[in-house]
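# An overview of the molecular structure
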Amino acid sequence: MPKRISTGKGSPLREIIPEGSSRRELTELHVHLGGSVPIYRLWEMGIERGIRGVAGSYEDFITLLHRSTTNTGDLDKYLEVFDIVELIQAGPRAVAEAIMIAVNGAYRTGGMRRLGPGGEGGDPDPIFAINQLEIRFNPMKRTGLLLSKGGVQGLFDVDRIIRAACEAATNSEIAYKNGISTGLIICFGRDLSWEVNETLADKVCLWKKSYPNKIIGVDIAGPESALALDDEANLERMAALYQRAGDGIGKTVHVGETEHVSIDTFIKTVKALSPHRVAHPVVAARAYWDDKDARGLELLAQEGIVCELCVHSNLLTGAIRSIDEYGKFLRTLDQFEIAYTFSTDSPALQLTTLAGELEMLLASSAATPEQIVAALENADQATFIATQHNKKTAEEK
Ligand SMILES: [Zn+2]
């Protein structure tokens, strides 16, 4: 791979990732496709596809899509604009394009600390390149299905969409001469019908036979308010869905990000789905802080479950109330010896980068350099991408 010129002068991250360090290539394992295409590229895709009526002007489009403190506050508000993005990304061609843009963006801008207003790269000194990227998305939401929410038929063929995504991920690796590895996590939707989710589980099972190194995991995403899984029957059905997707696949789950999920539901969900990783399990820490209830944290520690943390996103959704509370969250996870990783969730819509988020943690003293280094190593170890170093771990499981 060609050497990248990078100095990152004046950055606290430079202390951790010195010039020429082997740490210059990082793993990012929690980004959504809907949040990984820069706003300016979504605008261009919309124009190219003849989509109109999304916003009056480019400036309005930026204001609408940019996830900031003015238009978020909770998870439901944070997710509001993803419907628009998913429509722009609907269909096999647009999905393939979006995957390529997401991979390009991770490699080129993941290590930058500044971006332009539409998400253009704006840092001449990127500190690192992301060289292992897990992208998660819901193929059903790219079929045009949400034009008829509650229905089961989309405009586009979901098989073509999944195949196009796998091909795009493969092509990106060829293009980068293996400078970046990409894996796809297929997300079930808390806001989709069981019928649609069950069809999706069958599609995962089918397509991972053809693309075992590209379809690497399953997840549940979407508003916890739509399906908290506090009902036994629903939980059993979700567990069956994970089983239906097949063996030998990485399992993660968004659970406990909001107060819609109680600590009891959190524990039941983790036990029912037995995930390798969980995203934003804030409820486990909050139960401990507020009620001295350590059951959730103990379960995570006991099962060796790795936590996927997305700092800026957790602050925007109000899951974590301040950067100081973030520091407390990390110290609590350390206290229980629970491994965690840092990712960006939706870098393009938040106008953030992994480098920017790590720098925010360091600059605010919410995380120590040691905590950051450990989290970066955890990401290398916990990735579902079949690399040499984790192949052995996967075989042992
Ligand atoms: Zn997420």
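Check the entry above for the structure.
Think of each chain on its own: its residues are numbered from 1, step by step along the sequence as written. With pLDDT at 70 or above as the cut-off, local features in this predicted model cover only qualifying residues; side-chain atom pairs require 80 or more to be listed or tallied, and sums for whole chains, interfaces and linings still use all residues.

### With respect to the overall build of the protein
To be explicit about the condition: Helix and strand assignments come from DSSP, with helices taken as H or I runs of at least 4 residues and strands as E runs of at least 2, each series counted from the N terminus. Restricting the calculation to C-alpha atoms gives the radius of gyration, and the globule rule supplies 2.2 Å times the number of residues raised to the power 0.38. Here the C-beta atoms are placed from the backbone, and a residue counts as buried if at least 20 other C-beta atoms lie within 10 Å of its own, exposed if 12 or fewer do, and partly exposed otherwise. A pair of residues counts as a contact when their C-beta atoms, built from backbone coordinates, are separated by no more than 7 Å.
Broken down by element type, the protein carries 18 helices and 8 strands. Whereas a compact globule of 397 residues would reach a radius of gyration of roughly 21 Å, the protein reaches 20 Å, a difference of no more than 12%. Taken over the C-alpha atoms alone, the protein extends approximately 50 × 50 × 45 Å along its principal axes. Counting only residues that meet the buried cut, the protein has 52% of its 397 residues in that class. Expressed as a percentage of contacts within the protein between residues at least 6 apart in sequence, the contacts between residues at least 24 apart total 77%.

### Some thoughts on the sheet that holds strand β3 (residues 181-189)
Short version of the rule: Between any two strands, at least two bridges found by DSSP are needed for them to pair. Between N-to-C directions, angles cover 0 to 180 degrees, with each direction set by a line fitted to C-alpha atoms, over the stretch in contact for helices.
On the basis of which strands lie adjacent, the open sheet formed by 8 strands has the order β1-β2-β3-β4-β5-β6-β7-β8 and parallel pairing. Strands with a single pairing partner mark the edges of an open sheet, and in this sheet they are β1 (25-32) and β8 (340-342). Each strand of the sheet is rotated relative to its neighbour by a mean of 25°, with strand direction disregarded. Sheet strands in contact with helix α17 (residues 369-382) are β1, β6 (277-279), β7 (306-309) and β8, and its direction is about 100° off that of β8.

### Some remarks on the pairing of strand β2 (residues 129-137)
Among the 9 residues in β2, 9 count as buried, and that is most of the element. Alignment of β1 against β2, held across 6 bridges, turns out to be parallel. What sits directly across from T27, in β2, is Q132. Pairing analysis gives 6 bridges linking β2 to β3, with the strands arranged parallel. Paired with Q132 across the two strands is S181, which belongs to β3.

### Comments concerning helix α10 (residues 263-273)
What counts, and what does not: Working note: the arc is built from the helix axis to C-beta atom directions.
Considered for burial, the residues of α10 that qualify are I263, F266, I267, T269, V270 and L273. Along the long axis of α10, the arc covered by the buried residues comes to 165°, so they all point the same way. Note on α10: the residue one or two positions beyond its end, S274, has a positive phi of about 30°.

### Observations concerning the pairing of strand β4 (residues 215-221)
Each regular strand carries side chains that alternate between the two faces of the sheet. Here is the rule we go by: A right-handed crossover is one whose linking path, passing over the helix from the first strand to the second, runs clockwise when the strands point away from the viewer.
Counting buried residues in β4 gives 7 out of 7 residues, a clear majority hidden from the surface. Bridge count between β3 and β4: 6 bridges; the pairing is parallel. Bridge pairing in β4 places C187 opposite D219. Handedness of the β3-helix α8 (residues 194-210)-β4 crossover: right-handed. As defined by bridge partners, β4 adjoins strand β5 (residues 250-254) across 2 bridges and the pair is classed as parallel. Within the sheet, the bridge partner assigned to G217 lies in β5 and is G250. A crossover links β4 with its parallel partner β5, the connecting element being helix α9 (residues 232-244), and its sense is right-handed.

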